[in-house]
Structure formats: structure tokens, C-alpha cells
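One letter stands for each residue in the lines below.
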Amino acid sequence: GNSVTQMEGPVTLSEEAFLTINCTYTATGYPSLFWYVQYPGEGLQLLLKATKADDKGSNKGFEATYRKETTSFHLEKGSVQVSDSAVYFCALFSGGYNKLIFGAGTRLAVHP
Amino acid sequence: NAGVTQTPKFQVLKTGQSMTLQCAQDMNHNSMYWYRQDPGMGLRLIYYSASEGTTDKGEVPNGYNVSRLNKREFSLRLESAAPSQTSVYFCASSVGQGNTEAFFGQGTRLTVV
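Being a predicted model, the structure only gives us computed values, none of them experimental.

Digging into the interface of chain B and chain A
- Counting residues at the interface gives 22 residues for chain B, matched by 20 residues for chain A.
- Regarding the contact of chain B and chain A, the summed buried area is about 1,600 Å², with carbon and sulfur atoms giving 54% of it.
- Inspection of the region where chain B meets chain A yields 0 salt bridges.
- For the pair chain B and chain A, the interface holds 4 residue pairs in polar contact (both at pLDDT 80 or more).
- Of all elements in the fold, only β4 (31-38), β5 (42-49) and β10 (102-104) of chain B reach the threshold of two or more residues within the side of chain B that touches chain A.
- For the side of chain B that touches chain A, the element with the highest residue contribution is β5(B), accounting for 4 residues.
- In terms of residue class, the side of chain B that touches chain A is made up of 10 nonpolar, 10 polar and 2 charged.

Let's talk about the state of the cysteines
Residue and element names in this part refer to chain A.
- In total, this model carries 2 disulfides over all chains according to the counting rule given.
- Shown here is the disulfide that connects C23 with C90, its sulfur atoms set 1.9 Å apart. Measuring the twist about the S-S bond at about -70°, one finds the C23-C90 disulfide to be left-handed. Note that C23 is positioned in strand β4 (residues 23-26) and C90 in strand β10 (residues 86-94), a separation of 67 residues in sequence.
- The exposure class assigned to C23 is buried, which follows from its relative accessible area of 0%.

Observations regarding the sheet that holds strand β3 (residues 19-25) of chain B
Residues and elements named next belong to chain B.
- As summarised here, the arrangement of the 4 strands in space is β1-β3-β8-β7, forming an open sheet in which the pairing is antiparallel. Edge strands, defined here as strands with exactly one partner in the open sheet, are β1 (4-7) and β7 (64-68). Pairwise comparison of adjacent strand axes, ignoring direction, gives a mean angle of 15° for this sheet.
- Where β1 lies against β3, 4 bridges are found, and the strand directions are antiparallel. Bridging across to β3, T7 finds its partner in Q22.

Thresholds applied
Within each chain, residue numbers correspond to sequence positions counted from 1 in written order. Going through the entries in the order they are written, you letter the chains from A and number the ligands from 1. Side-chain atom pairs in this predicted model are given and counted only at pLDDT of 80 or more, local residue features only at pLDDT of at least 70, and totals for whole chains, interfaces and linings cover all residues. Side-chain measures here rest on the full set of heavy atoms in the structure, leaving out hydrogens and waters. Working rule for contacts: check all heavy atoms of both residues, and any pair within 4.5 Å makes them a contact. Here's the idea: put two parts together, see how much 1.4 Å probe accessible area each one loses, and the total over both is what we call buried area. A pair is scored as a salt bridge if a Lys or Arg side-chain nitrogen falls within 4 Å of a carboxyl oxygen belonging to Asp or Glu. Residues adjacent in sequence count toward polar contacts only when both atoms are side-chain atoms; beyond that, a polar contact is any pair of N or O atoms within 3.5 Å, and within protein one must be able to donate a hydrogen and the other to accept it. Secondary structure is summarised from DSSP: a helix means a run of H or I of at least four residues, a strand means a run of E of at least two, and numbering begins at the N terminus for each. Each residue is assigned to one class: nonpolar for Ala, Val, Leu, Ile, Met, Phe, Trp, Tyr, Cys and Pro, charged for Asp, Glu, Lys and Arg, and polar for all the others, Gly among them. The criterion for a disulfide is a pair of cysteine sulfur atoms lying within 2.5 Å. Remark: exposure states derive from per-residue accessible area (1.4 Å probe, protein chains only) relative to the maximum for the residue type, with buried under 20%, exposed over 50%, and partly exposed in between. Note on pairing: two strands pair once DSSP finds at least 2 bridges between them. Simply put, an axis is a line fit to the C-alpha atoms, just over the touching stretch for a helix, and the angle between two N-to-C directions goes from 0 to 180 degrees.

What follows is the structure, given as C-alpha cells:
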């Protein structure tokens, strides 16, 4: 079946460090891929998305590229801030099953 | 601009009690979802409704029932609550096509004692 695997956290970084959170997926066909972010005490909100191979999604300094050859959608940011501390979820939409499937989430803590 | 509204925000139940979690969206979305979030498990899909009048099981449907009352509302019912159902529950909605954003409610924190 379709699934999403994320690197385990927590990830702890100093402010202005480079961030990578790995995400790989298993799916039939050509799913759309997403990164969602959850700030403390809140629901999830969309961070970025990509709908086809080689697409790059970007928002708020975060980027992720849809790599079909490696079935990956890694999240990157060049310089993190304390305000980026949150839980990040990779997700895919399986058109054949018409549902959104999430990874386990990766907690990011950024210290001054 | 309410988006997705869930009620209640917090609830404590005794084992065996029943309750219904309510969800409503005002974005005219076709698809609605119920997830549970547990530490280390991410979000797991309980049930979803691809369109008004249809519902389907997700990964963890046992112990739950749902009703898509109309296009706006999608409720989740626990008939006989168990401690294993202690979790944070999120409702979400989307237009329905695969490349569109899902909007989430603020969540319901449920404790079953």
C-alpha cells in the first residue's frame, strides 16, 4: 500500500544552521506530495507541495523537490530560525484511494 | 473566515461512555477526513468522506463510526470509549482533487479514563 517514511526526530539545531528532513514514499502512480507544519497547540497547515516529478515546492525559505527516481521529497532550509520550531509532516495524496497519507512527523527544535 | 471548526476542544470520558466529535467546514469542500494523532505515530486516518453521501474506512476505523450529515458537517462517534482511544483528533477538509491543500481544525484532545 501507499506509505510515507520520515527521518526520526527530534532534530535539534542552532539558529542559522542548515536543515534537512528526509522523506521517502511508496506509492503507485504519481501522487502529489506535501509538507505540513504543526506549531505547538495548533492544527496542521500546509507548508509546500509538489504535484509532479522534478517540481520544487517552496515557501517561507523552505524547499523540497519531488524526486521520482529516488521516491523522495526531502525538506530543506538554508538558515533556520527559532520560530521554525515545530513538527513537520510529509504527506502524499493517493488519487487512486482518494486520501491523504502522513508520515510520523519530525520534531524540530531550534535554539538561539 | 472560520475554515474548519471542531467541537469540543477538550473532553474527558469514562471507559464505556459514548460521545460525538463534531466538525464543520465553510469552504464548500467535497472531501473531509478524521485523523488521530498519537506520540511517535504521526497522523493516522480513521475515516474519510470523498464527497457528500460517501464514507470510507481509513487505517484505524475500529471503535469509531462517522456520519457525513451534509456537505459541511462530518461527525465522528465513539460508541463505547476505551483508554486506547485517548488521543488528539483532527478533522480536515479539502476540495477533493489530489493537488489541493487540506485544511485542518484545531483538534480535540480526548482522554478516556
